[in-house]
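# An overview of the molecular structure
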Amino acid sequence: MSRFTLNRLLTYFFRGLLFVVPFALTVYVIYQSLDWIDSLIPIDIPGLGLVVILCAVTFLGYLASFFITRPFFDFFERYLIKIPLVNIIYTSLKDLIGAFVGDQKKFDRPVLVKVDESGILLKVGFITNDSLEKLDREEYISVYMPHSYAWSGNQFLVKKEYVTPLKMSSTAAMKFVVSGGVSGLEDLK
């Protein structure tokens, strides 16, 4: 086999790999997540557990939105947050989920933060709190900076003068950061 043919085959293989691996991993992660959720309710019909859970969560959301049942949910939550370890876990998860899907979304203002005085090093983040008066830091804001290739990040208190709003959607900014700068800019004009 000639060197040219071998190089061409390797090129085709790597192109195929670039398509197959992300697609297969995406399908695998979605399948495993749905399978795990489905297994929470042990019903022998595949997918029925997932449907039951989705219906139950939707029904609870429906009940929680009425003024008649709202006091019951508030009462339950008030006593739940009095339990020491449960308080930390519950309120942190509630705030995090509320930051993404609640009425007061927090990761909707992407910014560019100067990491050093010269402005040579910049990092993309999201403003999570404009006012830090309670911390006696009126000149600071709270900025969340996600990590690339991970579902984690750091929260920093940054002087307002070091923060510049980005003219991009929060989805594109998050995609840009999480992908390590590889994607997310194609949606911008």
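Since we're looking at a predicted model, the values are computed, not measured.

Taken together, five strands build an open sheet; the order of strands is β4-β3-β2-β1-β5 and the sheet is antiparallel. Among the strands making up the open sheet, the edge pair consists of β4 (153–159) and β5 (163–165). Between one strand axis and the next, the sheet turns by 45 degrees as a mean value, whatever way the strands run. Bridging between strand β1 (residues 110–114) and strand β2 (residues 122–129) involves five bridges; their strand directions are antiparallel. Within β2, the residue paired with Val 113 across the bridge is Lys 123. Helix-sheet contacts for helix α5 (residues 170–178) involve β1, β2 and β3 (140–146), and the interaxial angle to β2 is about 135 degrees.

A separate point is the environment of Leu 60. Here Leu 60 is to be found in helix α2 (residues 48–64). A relative accessible area of 44% places Leu 60 in the partly exposed class. With 13 residues separating them in the primary sequence, Leu 60 and Phe 73 have C-alpha atoms 9.7 Å apart.

This part covers the packing of aromatic side chains. One pass over the structure, following the stated rule, counts four aromatic pairs. Judged by centre distance (5.5 Å) and plane angle (65 degrees), the rings of Phe 13 and Phe 14 are edge-to-face. For Phe 13, a relative accessible area of 48% corresponds to the partly exposed category.

A word on the pairing of β3. Most of β3 sits out of view: six of its seven residues are buried. Sheet topology note: the β2/β3 ladder contains three bridges and is antiparallel. If you follow Asn 129 over to β3, its bridge partner there is Ser 142. Where β3 hands over to β4, the hairpin turn is made up of six residues, of which Tyr 149 adopts a positive phi near 55 degrees.

We now examine α5. Taken as a whole, α5 has its buried residues at Ala 172, Ala 173, Met 174 and Val 177. Those residues of α5 that are buried are in contact with β1, β2 and β3. Remark: Gly 180 follows α5 within two positions and exhibits a positive phi of approximately 75 degrees.

Turning to a negative patch on the surface, a few remarks are in order. A grouping of Glu 117, Glu 133, Asp 136, Glu 138, Glu 139 and Glu 161 is seen on the molecular surface, where their side chains present a negatively charged patch. With respect to the helices, strands and loops of the structure, Glu 138 is situated in the loop between β2 and β3. Taking relative accessible area as the criterion, Glu 138 reaches 42% and is therefore assigned partly exposed.

Before going further, it helps to examine unusual backbone geometry. Within the chain, Asp 136 stands out as a residue other than glycine whose phi angle is a positive 60 degrees. Position of Asp 136 relative to the elements: it lies in the loop between β2 and β3.

Glancing now at the pairing of β1. As paired elements, β1 and β5 share three bridges and run antiparallel to each other. The residue of β5 that forms the bridge with Val 113 is Val 163.

Tracing the chain through its elements places Asp 38 in helix α1 (residues 3–39). For Asp 38, a relative accessible area of 13% puts it in the buried group. Polar contacts involving the side chain of Asp 38 include one to the main-chain amide nitrogen of Leu 50, which spans 2.9 Å. In contact with Asp 38, other than residues within four places in its own chain, are Ile 45, Pro 46, Gly 47, Leu 48, Gly 49 and Leu 50.

Conventions adopted
- Residues numbered from 1 in each chain as written.
- Predicted model: local features only at pLDDT ≥ 70, side-chain atom pairs only at ≥ 80, totals over all residues.
- Heavy atoms only, no water.
- Pairing = 2+ DSSP bridges.
- Helix = DSSP H or I, 4+ residues; strand = E, 2+ residues; numbered from the N terminus.
- Axes fitted to C-alpha atoms, helices over the stretch in contact; angles between N-to-C directions.
- Contact = heavy atoms within 4.5 Å.
- Buried < 20%, exposed > 50% of the residue type's maximum accessible area, 1.4 Å probe, protein only.
- Phe/Tyr/Trp six-rings, centres within 6.5 Å; stacked < 30°, edge-to-face > 60°.
- Patch = residues over 30% accessible without salt bridge, like charges linked within 9 Å, V, L, I, M, F, W, Y side chains within 5 Å.
- Areas by Shrake-Rupley, 256 points an atom, 1.4 Å probe, with all protein chains shown as cover.
- Salt bridge = Lys/Arg side-chain N within 4 Å of Asp/Glu carboxyl O.
- Lys, Arg positive; Asp, Glu negative; His and termini not counted.
- Charge placed at Lys NZ, Arg CZ, Asp CG, Glu CD.
- Polar contact = N/O pair within 3.5 Å; in protein donor to acceptor, adjacent residues only side chain to side chain.

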